[in-house]
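Structural characterization, general
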Amino acid sequence: DAHGVDVEHLRFRWNAKVPRNFKAGQEIVIFIDPLLQPGSAALGNLVGGGEIKTVTGKVIPTVAIPKGGVSVGKPNKGKLVNGKQLPENAKLYTIRRPEEAFGSSHTLSHLQAAIAEFRRATGYDRELVIGAISKKSGGRISPHSSHQSGRDVDIRMPAKKGVKSSEMDDASDIDWNATWGLIRALVATGEVQYIFMSHSRQKYLYEAAKKAGAKKDELERIIQYPNKAKTNNGIVRHA
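Everything numeric here is computed off the predicted structure, so don't read it as measured data.

Core analysis: the biggest nonpolar cluster contains 43 residues, and Leu86, Ile115, Trp180 and Ile183 have the highest contact counts within it. Counting residues per element, the ones that place at least two in this core are helix 3 (105-122), helix 4 (176-188), helix 5 (199-211) and helix 6 (216-222). If you tally residues by element for this core, the top one is helix 4, at eight residues. Apart from the residues lying within four places of it in its own chain, the contact partners of Ile115 are Leu92, Tyr93, Leu128, Ile130 and Leu182.

The next subject is the packing of aromatic side chains. Each aromatic ring pair is specified by the distance between its two centres and by the angle formed by the two planes. What the rule picks out here adds up to four aromatic pairs. Relative to Tyr204, the ring of Trp176 lies with its centre 5.5 Å away and its plane at 20°, an arrangement referred to as stacked. Of the two residues, Trp176 sits in helix 4 while Tyr204 sits in helix 5, which places them 28 residues apart along the sequence. When the centroid spacing of 5.4 Å and the interplanar angle of 70° are considered together, the rings of Tyr206 and Tyr225 count as edge-to-face. Taken together, the residues Tyr206 in helix 5 and Tyr225 in the loop between helix 6 and strand 10 (236-237) connect sequence positions 19 residues apart. In this structure Tyr206 comes out as buried when scored by relative accessible area, which is 16%. On the basis of relative accessibility, which here comes to 24%, the residue Tyr225 falls in the partly exposed class.

About the cut-offs
- Residues numbered from 1 in each chain as written.
- Predicted model: local features only at pLDDT ≥ 70, side-chain atom pairs only at ≥ 80, totals over all residues.
- Heavy atoms only, no water.
- Core = buried A, V, L, I, M, F, W, Y, C linked by side-chain atoms within 4.5 Å.
- Buried < 20%, exposed > 50% of the residue type's maximum accessible area, 1.4 Å probe, protein only.
- Helix = DSSP H or I, 4+ residues; strand = E, 2+ residues; numbered from the N terminus.
- Contact = heavy atoms within 4.5 Å.
- Phe/Tyr/Trp six-rings, centres within 6.5 Å; stacked < 30°, edge-to-face > 60°.

Take a look at the structure:
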């Protein structure tokens, strides 16, 4: 269920030699490649608005983003032309400050679709908070030097069950398995250049990715750790 894997494929395609009544602890093989086949409904059709369903039948909706919002310049020196506001969508995310939730149509469409795919693929059903994106016309948002042109987004990391998102203050409060699922969905859009995370916390992400079955080349391509914080490596980098 967690990986959206067909039961018949699980048994007969990848684990034909595993007894039907296998015991806890028995290793089984699951083939997933979300970076190459990242839930085409979410990252294709849902860019324009629509819905997908989880393996349990739960509906995950997205809202069509109006076209015409254009990012001009750089994230740390730019503006928004006809900026669009991220629509409310309680099934996917909570917007912390609506007045700072404006972005380019391109950015908001892929953000929403990626979060929908994250929800579908991981089954994570707790709050996901969206922080600063940009003001309606872009420009400086204190205290950020970035967030000026509507194409970078602050996302509070997913909290463990029983921990309020607003009260997270330690790495142990973070659901690292869900965080890896979120980052994987964002990267799978093909539209993300960098994801910034403190180097000291990247090790928890790295371990969660390995646990989820990420291969060496995938780890090296996405996560800076275990290379040093100043190295020019990975999409997830120290900040």
